[in-house]
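Below, each chain spelled out in residue letters.
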Amino acid sequence: IKETFTFGDGNITIENFPLRYIEDYRDISTERLSFGLSYEDLHFSLVHVLFEKKLIDRKQFGFSAQDPQSGKGLIFFGSPLSNMTNRKTKATIPVNRNEEGWSSQISSLEMSYQNGSSITYTSKSTKVIFDIDENTIYVPVSFMKYLKETIFKDLIAEHYCTFNSRFDNKDDEFNIECLCSAMSYLPTFTFVFNSVGLSLHPSQLFEEAFGRCYFLFESSKQYKDVWVLQSPFVNQFTTVFDYDAKEISF
């Protein structure tokens, strides 16, 4: 498919930009809107084409932090604008260079309560993919079962929360829904990459609908034991994907 891209007020236009549509996509790669990490043909990379045309200063793209009031953010190409960041980098992590999509390795997940106690979970599966396709964070099945037996155990027993099989797929796909008051009993979740951690408060990990709150961690038969950090994670920060440095900054 060849498409015309128009940016901003219409002063920037790319004619006949080639798009490749593949039905079975898994992450931000060549199958998506040409934001992959590696390409056989750079004409399919929107960022590389913008850089070649000297329309951006660096081979980067990213997402601004989501506005808490409107829920909206911006996608940007090149360096982020000054109003998108306080210029303080919270974390920079290297990507797996042999992957098409933007992936890295996760070290552990720390769960910290307001009373000062904490739990550290170390997964046997460490691969993490970054994407923005869904308002969901996919986690390994083993971690969902771990949550059921630890963090959510008492909440499930006291009927604040329910642990459900999605689509009657009892072995692989699970989710959790709760009374919205259950959020106050849950810890802050910190994703640790090497020696740096990025935290999400419980209020950032639930979506309210029909008087219930749905926990945004789910397990998926499609991803199995891979961690897939999507919109609930990426949109909490100004997230920068850098081709030359082969790294992701937050």
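Up top you'll find the structure we're talking about.
Computed from a predicted structure; not experimentally measured.

*Asks:* Could you give me a rundown of the pattern of salt bridges, with the residues and numbers involved?
*Replies:* Side chains that carry opposite charge are capable of pairing whenever their charged atoms lie near each other. Across all of its chains, the model carries three salt bridges by this definition. Here Arg58 makes a salt bridge to Asp242, at a shortest N to O gap of 3.6 Å. Highlighted residues: Arg58 in the loop between helix H1 (46-52) and strand S3 (60-63) and Asp242 in strand S19 (residues 239-242), separated in sequence by 184 residues. For Arg58, a relative accessible area of 42% translates into the label partly exposed. For Glu177, the salt bridge is made with Arg212, and the minimal N-O distance between the two is 3.2 Å.

*Asks:* Describe in detail the sheet that holds strand S11 (residues 161-165), supporting the description with residues and values.
*Replies:* Read across the sheet, four strands follow the order S11-S12-S16-S15 without closing on themselves; strand pairing throughout is antiparallel. With partners counted over all chains shown, the strands left at the sheet margins are S11 and strand S15 (206-209), one partner each. Averaged over all pairs of adjacent strands, the angle between strand axes in this sheet comes to 30°, irrespective of strand direction. Note that S11 and strand S12 (residues 174-178) share five bridges and pair antiparallel. Within the sheet, the bridge partner assigned to Thr162 lies in S12 and is Glu177. Contacts between helix H2 (residues 141-149) and the sheet are confined to S11, S12 and strand S16 (212-215), with S12 contributing the most and set at about 35° to the helix.

*Asks:* Tell me about H2, and name the residues and values.
*Replies:* Residues of H2 that are buried include every one of Val141, Phe143, Met144 and Leu147, and no others. Mapping the buried residues of H2 onto a view down its axis gives an arc of 165°, with all of them on the same face.

*Asks:* An account of the environment of Phe44 is requested, with residue identities and associated values reported.
*Replies:* Position of Phe44 among the secondary structure elements: in the loop between strand S2 (12-18) and H1. Along the backbone, Phe44 and Pro18 are 26 residues apart, and their C-alpha atoms lie at a distance of 5.9 Å.

*Asks:* Which residues make up the pairing of S12, and what are the values?
*Replies:* Most of S12 sits out of view: five of its five residues are buried. What you see with S12 is no split at all: Phe174, Ile176 and Cys178 on one side and Asn175 and Glu177 on the other are buried throughout. Of the strand pairs in this sheet, S12 and S16 are connected by two bridges, and their pairing is antiparallel. Its bridge partner being in S16, Cys178 is matched across the sheet by Cys213.

*Asks:* Explain the state of the cysteines to me, and be specific about the residues and the numbers.
*Replies:* The tally for this structure, following the rule as stated, stands at two disulfides. Through a disulfide, Cys161 is tied to Cys178; the S-S separation comes to 2.1 Å. Disulfide Cys161 to Cys178: torsion about the S-S bond roughly 105°, handedness right-handed. Placement of Cys161 in strand S11 and of Cys178 in strand S12 is noted, with a sequence separation of 17 residues between them. With respect to burial, Cys161 and Cys178 carry one shared label: buried. With its sulfur 2.1 Å from that of its partner, Cys180 forms a disulfide with Cys213. Across the disulfide from Cys180 to Cys213, rotation about the S-S bond amounts to roughly 95°, and the bridge is consequently right-handed. In this pair, Cys180 is assigned in the loop between S12 and strand S13 (188-193) and Cys213 in strand S16, connecting sequence segments 33 residues apart. Each disulfide in the protein links cysteines that, numbered along the sequence, combine into the pattern 1-2, 3-4.

*Asks:* I'd like to hear about the sheet that holds strand S8 (residues 118-121), residue by residue, with values.
*Replies:* Through backbone hydrogen bonds, the strands of a sheet pair up, either in parallel or in antiparallel fashion. The antiparallel open sheet is built from four strands, whose spatial order is S8-S7-S13-S14. Unpaired on one side and paired on the other, S8 and strand S14 (196-200) mark the two borders of the sheet. Along the sheet, successive strands turn relative to each other by an average axial angle of 20°, direction set aside. As paired elements, S13 and S14 share five bridges and run antiparallel to each other. Paired with Thr190 across the two strands is Ser199, which belongs to S14.

Reading the values: rules and limits
- Residues numbered from 1 in each chain as written.
- Predicted model: local features only at pLDDT ≥ 70, side-chain atom pairs only at ≥ 80, totals over all residues.
- Heavy atoms only, no water.
- Salt bridge = Lys/Arg side-chain N within 4 Å of Asp/Glu carboxyl O.
- Helix = DSSP H or I, 4+ residues; strand = E, 2+ residues; numbered from the N terminus.
- Buried < 20%, exposed > 50% of the residue type's maximum accessible area, 1.4 Å probe, protein only.
- Pairing = 2+ DSSP bridges.
- Axes fitted to C-alpha atoms, helices over the stretch in contact; angles between N-to-C directions.
- Contact = heavy atoms within 4.5 Å.
- Arc of directions from axis to C-beta.
- Disulfide = S-S within 2.5 Å.

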